[in-house]
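The lines below spell out each chain.
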Amino acid sequence: METYTGGPYNRSNLFLVRVWLRNNGSADLDSSKAKWCGSIRRIVDGEAHQFSDWQGLVDLLEAMVSNTDVQQ
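Predicted model, so just to flag it, every value in this text is computed and none were measured.

Parameters and conventions
Along each chain, numbering runs from 1 in the same order as the chain's sequence is written. Residue-level local features of this predicted model are given only where pLDDT is at least 70; pairs of side-chain atoms are given and counted only at 80 or more, and the full residue set underlies all totals for whole chains, interfaces and linings. With hydrogens and water stripped out, all remaining heavy atoms of the structure feed into the side-chain values. In this description, strands pair whenever DSSP reports at least two bridges between them. Elements are defined by DSSP. Helices are runs of H or I of four residues or more, strands are runs of E of two residues or more, and each kind is numbered from the N terminus. Fitted lines through C-alpha atoms give the axes, limited to the stretch in contact for helices. The angle between two N-to-C directions lies from 0 to 180 degrees. Given a helix with a known number of residues, its expected span is that number minus one, times 1.5 Å. Each residue is assigned to one of three classes by its accessible area relative to the maximum for its type, calculated with a 1.4 Å probe on protein chains only: buried under 20%, partly exposed between the two thresholds, exposed over 50%. Note: the arc covers the axis-to-C-beta directions of the helix. In this description, contact between two residues means that some pair of their heavy atoms is separated by no more than 4.5 Å. One speaks of a salt bridge when a side-chain nitrogen belonging to Lys or Arg is within 4 Å of a carboxyl oxygen belonging to Asp or Glu.

1. Looking at the sheet that holds strand β2 (residues 35-42)
One open sheet accounts for 3 strands, arranged β1-β2-β3; its pairing is antiparallel. The open sheet is flanked by β1 (15-22) and β3 (48-51), the only strands paired with a single partner. Shown here is a sheet whose adjacent strand axes are inclined to one another by a mean of 15°, direction ignored. Where β1 lies against β2, 8 bridges are found, and the strand directions are antiparallel.

2. Quick word on the environment of Val44
Along the chain, Val44 turns up in the loop between β2 and β3. Put simply, Val44 and Asn13 are 31 residues apart on the chain and 7.3 Å apart in space, counted from C-alpha to C-alpha.

3. Brief notes about helix α1 (residues 54-65)
For α1, spanning 12 residues, the distance from its first C-alpha to its last is 17 Å, which sits close to the expected 16 Å at 1.5 Å a residue. Among all positions of α1, only Gly56, Leu57, Leu60, Ala63 and Met64 are buried. Along α1, the residues classed as buried sweep out an arc of 135° about the axis, all on the same side. Next to the buried residues of α1 lie β1, β2 and β3. Just downstream of α1, Asn67 is the residue with a positive phi angle, here 65°.

4. Observations regarding the pattern of salt bridges
Counting across every chain of the model gives 2 salt bridges. Across the salt bridge formed by Glu47 and Arg42, the nearest N and O atoms sit 2.3 Å from each other. Residue classification places Glu47 among the partly exposed residues on the basis of a relative accessible area of 22%. Overlapping salt bridges, with partners in common, bring together Arg42, Asp45 and Glu47 in one network.

Okay, structure coming up:
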């Protein structure tokens, strides 16, 4: 039987991502003022950051996976 070695990556990550809709006090969830935001935490070491849009989430994930310093 062949053993999986992780391919070109020698480390794996586990993230907890929380996402919510911030509607800035508007009762209408479809309001143009509504915006998705959230937080991401790497479970292994507890590193955590917040994001205020989808691109922010992508940027944080890329930085955290590549082990670069991320500004909070």
